[in-house]
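Tertiary structure, described
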Amino acid sequence: FDYAKSKDKRIIIVSDMYLPRQFLEKILNKVGIEGYERLFVSSEIGKLKSSGSMFDYVLSELGVEPKEILHIGDALKGDYLVPKYKKIDSFLLNRYVNRGVYNYRLKEDTVERGIINTFINNSECGGRLFKIGYETLGPMLYGFCQWIHEKRHELGLNKLLFFARDGQLVFNCYQKMYPDEICEYVYFSRRSLTVPLICKLKDKQEILSIIPINRYTEISSLIKRLGISYDENVMLIESFGFKKGQSYHRDFYFTDSNFDELFAMLLPQIIDNSQNEYVGLCKYYEKIKSDGKIGLVDIGWKGTIQNAFEKFLSIFDPQTSVYGLYVGIMKNSVNSLGYVFQSTDKQLEDAIVSFAGLFETFFSADHGSVLSYEKEGQVILCPFEYDLDEKARKEYVEIKEIQKGADCFISTIIKNSILNELSLPKEVFFENIKRLGTSPLLEDAKRFGNYYFFDTIITNLAKPNKSQFYSLKKILKDFSNSSWKIAYLKRVLRINMSYLSLYSLIKKIVSKK
């Protein structure tokens, strides 16, 4: 541009971007591109370089012959091949050097996707983990926080409550983006809400419906989710034929007569503990209470924590209403909204669920899970799981490095007044983390797959147990227990294929059984 200007050449700029003229002029002015004769914008005239119609329009508007123009650009088709076909001299700038791990260009990328791709690619990053955070988690968080901000004003929410622990990272990013808004990080967990509510429910069916039960759940995990100790009741439990480590289908706990008898024997202890915990929950809630409409922010999935919170509010504070704002939500409710997917978006749901464990791991907070509350409302936390052993401590250091990369992305993009004004579709911000989760490089499938995953029991995210490979039934159970199923499949099969398609097929087959 500067060379052409110094030679007193007529300079015109042609853009295929479907962005407003004023926005493009602002970008050009910001980078010092001034003194051009004309700016032709696709969003105004409805013509494209890639189809050739833009060049026909420019030639007609300027009243010049094709041989009088030299076109310079960096897109092979739109800036080189098409103008050549139109008898216009063209020069291809090959300036794009991919520096990313999961941030790379595809032929089918939209203009919006190209903007973020280029922004990330031109940024200086640290090591591999920092870069992965910058490329994948950062854009996801930025888009999610933008969406939360829009929904807050659209729904007229008085206050946003970011639920522990997955909400901690989102809370920190949201505060950075919107420092003047009223919001709070609150110490609620599924366990700290569901156990106190047990004493308010009428029977076993209601109680089991409110606590989270996976498709296959160990008996020890279920007892723990009811708020009592398995080890303190081990003799009674085993007298009914149950053993620690045994898993049963979700339906078993609702229908088995033997379990019914055990549950009846444990119920007085369960209710007594629940009543004590309910007192502490009420005291804690009084400290963070807000009138009107509340926004509950969490990363989401089945909506069990919102169900429990709404149940609690219906008893203790019926005037307050709740709207759940999630990355994704399987719950079908007008009060539960998902950024990436709702209950009807099965393709996007499959994509996130296939690497849900990895996603949740990236959102790890710096404290243990919320267990319950003391009688005056003080929060009782479980021991911090990443203090378990040296392996866990090393993994947490790596997770923090990924989070630092994400934080750096947000700090960088909010300083860019032009990009920060753009409202881009969710697919743009979700794409890179989707690539990591559903098409991981084998080295990342191994590295992150070996990470601990902490639920009621400790497993690995995606670490195939080779001793199970002789039995298809045991492989399927091992696969079912993995919380990053895509990486599990990749580590077992080790071939180039669409593992997301394979996962979706397996999920469909299993759901029919």
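All chains use their own residue numbering, which begins from 1 and follows the written sequence. The predicted origin of the model limits local features to residues at a pLDDT of at least 70 and limits the giving and counting of side-chain atom pairs to 80 or more, whereas totals for whole chains, interfaces and linings rest on all residues. Side-chain numbers come from the whole structure's heavy atoms, not from hydrogens or water.

**Notes on the sheet that holds strand E5 (residues 159–163)**
The following threshold applies: One requirement defines pairing of two strands: DSSP has to find at least two bridges between them. Put simply, DSSP marks the helices as runs of H or I at least four residues long and the strands as runs of E at least two long, and each gets a number from the N terminus on. Lines fitted to the C-alpha atoms define the axes, with helices restricted to the stretch that makes contact. Angles between their N-to-C directions range from 0 to 180 degrees. By definition, residues are in contact when any of their heavy atoms lie within 4.5 Å.
The strand order across the open sheet formed by five strands is E6-E5-E9-E10-E11, and the pairing between neighbours is parallel. Single-partner strands in this sheet number two, and they are strand E6 (183–186) and strand E11 (336–341). Here the average twist between neighbouring strands, direction ignored, is 25°. Sheet topology note: the strand E9 (residues 293–301)/strand E10 (residues 321–329) ladder contains eight bridges and is parallel. What sits directly across from Lys 293, in E10, is Ser 321. Set on the sheet, helix H14 (residues 257–288) makes contact with E5, E6 and E9; between it and E6 the angle comes to about 160°. Packing of helix H15 (residues 304–316) onto the sheet brings it into contact with E5, E9, E10 and E11, and relative to E10 it is tilted by some 175°.

**Some points on helix H5 (residues 76–85)**
Definition in use: Classification of residues uses two cut-offs on accessible area relative to the type maximum, computed with a 1.4 Å probe and protein chains only: under 20% is buried, over 50% is exposed, and between them is partly exposed. Here, the arc refers to the directions that run from the helix axis to the C-beta atoms.
Taken residue by residue, H5 has Gly 78, Asp 79, Val 82 and Pro 83 as its buried positions. Each buried residue of H5 lies within a common arc of 115° when the element is viewed along its axis, so the set occupies one face. In this structure, H5 carries Lys 77 and Tyr 85 as exposed residues pointing more than 90 degrees from its buried face. Of the surrounding secondary structure, the elements contacted by the buried residues of H5 are helix H4 (53–62), strand E3 (70–73) and strand E4 (89–92). Count one or two residues on from H5 and you reach Lys 87, which has phi positive near 70°.

**Section: the nonpolar core**
Going by this rule: Only buried residues count toward a nonpolar core, which is a set of Ala, Val, Leu, Ile, Met, Phe, Trp, Tyr and Cys residues joined through side-chain atoms within 4.5 Å.
Formed by 131 residues in total, the largest nonpolar core has its most connected members in Phe 188, Phe 309 and Phe 448. By residue number, the principal contributor to this core is helix H7 (residues 128–155), which donates 13 residues. Phe 40, Val 58, Ile 69 and Ile 88 belong to the second largest nonpolar core, which has 11 residues in total.

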